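One letter stands for each residue in the lines below.
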There are 2 protein chains.
Amino acid sequence: MTDGETAFVPGHVTGFFSVHRHEDPARAGSRGAGLALSDGVTVEVTPAARTRIDLNGDTVGVEAVERVLESLDCSARVEAETSLPVGAGFGVSGGLALGTALAAAAATDRPRTVNELVTVAHCAEVEAGTGLGDVVAQARGGLAVRLDPGAPGHGTMDAIPATGRVEYVSVGDLPTGEVISGDTDALSAAGERALERLLDEPTPERFVDVSREFADEAGLATDRVESVIADVGGTGGTTGGTAGGTAAMAMLGETVFALGEGLSAAGYDPDVCEIHPAGAGLE
Amino acid sequence: MTDGETAFVPGHVTGFFSVHRHEDPARAGSRGAGLALSDGVTVEVTPAARTRIDLNGDTVGVEAVERVLESLDCSARVEAETSLPVGAGFGVSGGLALGTALAAAAATDRPRTVNELVTVAHCAEVEAGTGLGDVVAQARGGLAVRLDPGAPGHGTMDAIPATGRVEYVSVGDLPTGEVISGDTDALSAAGERALERLLDEPTPERFVDVSREFADEAGLATDRVESVIADVGGTGGTTGGTAGGTAAMAMLGETVFALGEGLSAAGYDPDVCEIHPAGAGLE
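Residues numbered from 1 in each chain as written. Chains lettered and ligands numbered in written order. Predicted model: local features only at pLDDT ≥ 70, side-chain atom pairs only at ≥ 80, totals over all residues. Heavy atoms only, no water.

Examining the sheet that holds strand 9 (residues 247-249) of chain A
Residues and elements named next belong to chain A.
Alright, step 1. A sheet is described by the order of its strands in space; here four strands give the open sequence 9-10-8-11, paired in antiparallel fashion. Single-partner strands in this sheet number two, and they are strand 9 and strand 11 (271-274). Going from strand to strand, the sheet's axes swing by 30° on average, the running direction of each strand aside.
Alright, step 2. Here strand 8 (residues 165-173) runs beside strand 10 (residues 253-259); their pairing, made up of seven bridges, is antiparallel. Across the sheet, Asp 173 pairs through a bridge with Gly 253, a residue of strand 10.
Alright, step 3. Most of the contacts of helix 7 (residues 204-217) go to strand 9, to which it runs at about 45°, and overall it touches strand 9 and strand 10.
Alright, step 4. Contacts between helix 8 (residues 223-232) and the sheet are confined to strand 8, strand 9 and strand 10, with strand 10 contributing the most and set at about 10° to the helix. (Pairing = 2+ DSSP bridges. Helix = DSSP H or I, 4+ residues; strand = E, 2+ residues; numbered from the N terminus. Axes fitted to C-alpha atoms, helices over the stretch in contact; angles between N-to-C directions. Contact = heavy atoms within 4.5 Å.)

So this is what it looks like as structure tokens:
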């Protein structure tokens with residue numbers, strides 16, 4: 001038994017996605033794209049006789065984290081901190097699962113490769129029903145594109161060269177589990193169209209545009225989200241805009257994100273971070 | 001035509017490798033493992049009527065860079081800066097190729113995905129005969145493991161969780177082209193054994209150990225390199241050592257690298273950097 005180890009996992013806002021179910025959780029997942037954020041989740045894991053999970057100082061139950069520890073055959077004290085809103089589309093549950101996997105493997109001197117640990121966290125998140133694509137995107141960093149669903153060895157990833165400021169405003173949460181376990185045919189069809197359009201022009205601006213269209217086509221945008229997006233002025237679907245820029249909705253949360261200064265230029269007081277270039281890692 | 005764009009590519013020291021030739025350069029490459037370094041190559045690309053490449057202020061010819069620009073159908077002024085020694089096993093040629101690809105695509109408003117740009121740079125480097133695996137590792141960051149050779153879509157990558165200080169001392173250069181175009185059967189057999197042993201225990205310490213053994217088995221370590229490695233005290237093949245640590249040789253250069261403070265503890269005055277967690281990207 002060793003001392004605690006700490007991992008950092010970037011937050012992740014998915015802009016659009018399609019659902020791909022499979023009885024093997026390593027092959028289940030989503031296609032789509034999203035932004036890794038410099039605002040993320042820090043997870044310290046210390047081996048302990050009984051598992052206990054604290055998030056921002058409160059003891060919580062997080063099924064994906066419990067499943068990760070079971071997969072790694074250990075019990076531990078898990079102490080996580082994040083400035084991100086929980087349940088609002090920032091991949092906090094995926095971050096907790098992946099950060100726990102990375103830190104637990106280091107803290108228990110049972111080394112695994114990154115792909116193995118990402119697989120453990122991805123499967124835990126899929127089986128808990130709390131996410132489909134955050135973990136693999138958080139393991140990669142940047143503006144990650146999920147070309148094929150699933151954990152490493154099954155899923156395939158690409159990315160779009162991207163750097164710079166991200167703004168976000170969160171006005172409420174949406175239940176990921178209810179959406180991804182329900183009828184997702186129309187949503188997935190919209191997600192597949194969005195992916196095709198993004199790969200036609202792989203730029204950050206196109207990513208925001210197709211994400212905004214996806215939220216509309218999939219019927220996921222609430223009135224409050226639509227109102228914020230309209231204020232940012234992105235409804236024209238322009239790419240490469242300057243003043244104001246464009247905004248879209250984070251999947252799945254009542255959250256609007258924008259590249260550059262889109263939200264602050266529209267008079268909002270957003271949280272501000274950067275696109276995080278690296279994937280999750282030990283601190 | 002737009003203004004210049006700038007990319008940063010981490011340096012990369014390969015610890016061991018096996019050679020995999022293929023008539024399709026996207027399928028050619030190496031298996032092996034190496035460290036991405038926070039000391040790297042910064043490349044600014046500005047579209048221009050005639051291509052000109054400057055490295056640290058000197059105009060140079062770099063076939064891999066010229067091939068990248070041809071693939072992207074553009075001519076440009078390429079201004080690169082690096083603190084790394086050239087031709088000493090730090091992936092400077094791969095960094096120039098990959099940095100040029102990323103920055104040129106951004107500067108010419110002809111967007112490509114990261115996988116596409118990595119493929120362009122990898123193929124240029126293979127065809128120029130100056131490298132086999134640096135580009136894909138530099139695109140990933142961290143302690144990258146090349147499980148299968150080739151560009152994205154063909155090669156597969158993993159990584160070993162790793163962070164922290166890297167020291168290096170370079171005493172000379174080795175001609176990459178001569179080694180990788182010669183008889184590589186014994187070298188590749190040693191590289192395959194090293195990869196198997198690393199995956200048995202995927203830790204940074206094991207990486208250094210199997211790399212040191214590889215240099216010995218492949219007959220690549222010069223007397224000067226062997227002398228430095230012996231001074232660091234890694235000849236016992238221990239893992240997880242504390243004082244001094246262990247060292248190995250960078251492929252392909254007359255360069256010794258160590259994790260932690262191995263070289264400085266042995267009385268050398270090494271260059272010092274960190275494992276770079278992120279892959280290459282726009283600045």
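There is more to say after this.
Some details on the sheet that holds strand 8 (residues 165-173) of chain B
Residues and elements named next belong to chain B.
Alright, step 1. Overall, antiparallel pairing links the four strands, which are arranged 9-10-8-11 in an open sheet. Every interior strand has two partners, whereas the edge strands, strand 9 (247-249) and strand 11 (271-274), have only one. Averaged over all pairs of adjacent strands, the angle between their axes in this sheet comes to 30°, without regard to strand direction.
Alright, step 2. Looking at chain direction, strand 8 and strand 11 are connected through four bridges and run antiparallel. Following the sheet pairing, Val 166 is matched in strand 11 by Cys 273.
Alright, step 3. Seen against the sheet, helix 7 (residues 204-217) touches strand 9 and strand 10 (253-259) and runs at an angle of roughly 45° to strand 9.

Here we look at the nonpolar core
Alright, step 1. Ranked by internal contacts, the top residues of the largest apolar core, which has 90 residues, are Phe 16, Leu 35, Leu 96, Leu 98, Phe 207, Phe 214 and Phe 257 of chain B.
Alright, step 2. For this core, the element with the highest residue contribution is helix 2 (residues 92-107) of chain B, accounting for nine residues. (Core = buried A, V, L, I, M, F, W, Y, C linked by side-chain atoms within 4.5 Å. Buried < 20%, exposed > 50% of the residue type's maximum accessible area, 1.4 Å probe, protein only.)

Observations regarding the relation of the copies chain A and chain B
Alright, step 1. Overlaying chain A on chain B yields an RMSD of 0.0 Å, the required transformation being a rotation through 180° with an accompanying axial translation of 0.0 Å. Both chain copies can therefore be described as sitting about a two-fold axis. Identified as the residue of chain A closest to the rotation axis by C-alpha distance is Ala 278 of chain A, at 2.0 Å.
Alright, step 2. When the interface residues of chain A are mapped onto chain B, 100% of them again lie at the interface, so the same face is used by both copies. (Least-squares fit on C-alpha atoms with pLDDT ≥ 70 in both.)

What about the interface of chain A and chain B?
Alright, step 1. Each partner contributes residues to the interface: chain A has 23 residues there, and chain B has 23 residues.
Alright, step 2. When chain A packs against chain B, close to 1700 Å² is buried across both sides, 65% of that on carbon and sulfur atoms.
Alright, step 3. Counting residues per element, the ones that place at least two in the side of chain A that touches chain B are helix 3 (114-128) and strand 7 (156-160) of chain A.
Alright, step 4. Broken down by element, the side of chain A that touches chain B gets its largest block of residues, four residues, from strand 7 of chain A.
Alright, step 5. By residue class, the composition of the side of chain A that touches chain B is 14 nonpolar, four polar and five charged. (Buried area = accessible area lost by both parts, 1.4 Å probe. Nonpolar A, V, L, I, M, F, W, Y, C, P; charged D, E, K, R; others polar.)

Topic: the pattern of salt bridges
Alright, step 1. Enumeration over the complete set of coordinates arrives at 26 salt bridges over all chains.
Alright, step 2. Residue Arg 27 of chain A pairs with Asp 24 of chain A through a salt bridge whose shortest N-O separation is 3.5 Å.
Alright, step 3. The class for Arg 27 of chain A is partly exposed, based on a relative accessible area of 42%.
Alright, step 4. By relative accessible area, which is 28% here, Asp 24 of chain A ends up partly exposed.
Alright, step 5. Residue Glu 63 of chain B pairs with Arg 67 of chain B through a salt bridge whose shortest N-O separation is 2.8 Å. Linking Glu 63 of chain B with Arg 67 of chain B, this pair stays in helix 1 (residues 63-71), spanning four residues, or about one helical turn.
Alright, step 6. Here Glu 63 of chain B falls in the partly exposed class, since its relative accessible area comes to 37%. (Salt bridge = Lys/Arg side-chain N within 4 Å of Asp/Glu carboxyl O.)

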